[in-house]
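# Inside the fold
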Amino acid sequence: MNILTKDSYHTYYPSPIGILKIEFNNQALLKIEFDDHLREVKNNCQKNFYEDPEILKIYNLIFDQLNQYFMGQRNIFDIPIQLNGSRFELKVWKFIQKIPYGKTFSYQELAAAIGNPGAAKAVRLASSRNPIAVIIPCHRVVALKGGNKGYRGGGWRKEWLLKHENNKSKHLERKISFV
């Protein structure tokens, strides 16, 4: 029987759009966020978790699926995730996970789809609070008139991810830079 520990671990993933800071525990992915202030990745992992097979299993699952996604070989993630948020945020994040690879939804369309047609601004706010970038693909939620404003990782990342998912990533520039 798996026992969920209170311990969480963090590591870093060097993606084509910058360093991703990843937090996880022995059963689930907890957070992925962009780390634009990281100067270098010296010690890749907090704590020595390599000795625990359950933690190592989650770690490998996260890295393998991110590698596959960025290489264009995966369009659906099946990593266990653990989310904390308001009931509304959880509803928005759950719907965002159902947006097909390479497709987009406007904030207005998403609000209507979850039964709150007048809540586009609230949907946008909930989307901006998404704790698991890339895996919960909030980059697929766009303004009605287009544009990439409001993406917490930066508009250029949102544009990169959308182009990547539309099979236009073969010539996309890797955007890793250290401050």
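Provided above is the structure to which this section pertains.
Thresholds, definitions, all that
Residues numbered from 1 in each chain as written. Predicted model: local features only at pLDDT ≥ 70, side-chain atom pairs only at ≥ 80, totals over all residues. Heavy atoms only, no water. Salt bridge = Lys/Arg side-chain N within 4 Å of Asp/Glu carboxyl O. Helix = DSSP H or I, 4+ residues; strand = E, 2+ residues; numbered from the N terminus. Buried < 20%, exposed > 50% of the residue type's maximum accessible area, 1.4 Å probe, protein only. Pairing = 2+ DSSP bridges. Core = buried A, V, L, I, M, F, W, Y, C linked by side-chain atoms within 4.5 Å. Contact = heavy atoms within 4.5 Å. Phe/Tyr/Trp six-rings, centres within 6.5 Å; stacked < 30°, edge-to-face > 60°.

### Some words on the pattern of salt bridges
One pass over the full model with this rule turns up five salt bridges. A salt bridge links Glu159 to Lys163, with the nearest nitrogen and oxygen atoms 3.0 Å apart. Placement of both Glu159 and Lys163 in helix α5 (residues 155-165) is noted, with a separation of four residues, approximately one turn of the helix. Exposure remark for Glu159: the relative accessible area of 35% places this residue in the partly exposed category.

### Considering the pairing of strand β1 (residues 9-15)
A large share of β1 lies buried, amounting to five of its seven residues. Strand direction decides the pairing type here: β1 and strand β2 (residues 18-24), joined by seven bridges, are antiparallel. Among the inter-strand pairings, Ser15 is bridged to a residue of β2, identified as Gly18. Following β1, the chain reverses through two residues before pairing antiparallel with β2.

### With respect to the environment of Trp156
Relative to the helices and strands, Trp156 resides in helix α5. Put simply, Trp156 and Ile17 are 139 residues apart on the chain and 8.9 Å apart in space, counted from C-alpha to C-alpha.

### Quick notes on the nonpolar core
Grouped together as the largest cluster of nonpolar side chains are 42 residues, with contacts concentrated most on Leu66 and Phe70. Put simply, the parts of the chain that give this core at least two residues each are β1, β2, β3 (29-34), α1 (53-70), α2 (87-96), α3 (107-113), α4 (120-128) and α5. If one sorts the elements of this core by residue count, α1 sits on top with eight residues. Leaving out residues up to four positions away in the same chain, Phe70 has contacts with Tyr13, Ser15, Pro16, Ile17, Leu20, Val134, Trp160, Leu161 and His164.

### As for the packing of aromatic side chains
Counted by the stated rule, this structure contains eleven aromatic pairs. The interplanar angle of 35 degrees and the centroid separation of 5.9 Å between the aromatic rings of Tyr9 and Phe24 together place this pair among those described as tilted. Of the two residues, Tyr9 sits in strand β1 while Phe24 sits in strand β2, which places them 15 residues apart along the sequence. Of the residues examined, Phe24 reaches a relative accessible area of 0% and is grouped as buried. The interplanar angle of 80 degrees and the centroid separation of 5.1 Å between the aromatic rings of Tyr69 and Phe70 together place this pair among those described as edge-to-face. In this structure Phe70 comes out as buried when scored by relative accessible area, which is 10%. One aromatic cluster in this structure is built from Tyr9, Tyr13, Phe24, Tyr59, Phe63, Tyr69, Phe70, Phe77, Tyr101 and Trp160.

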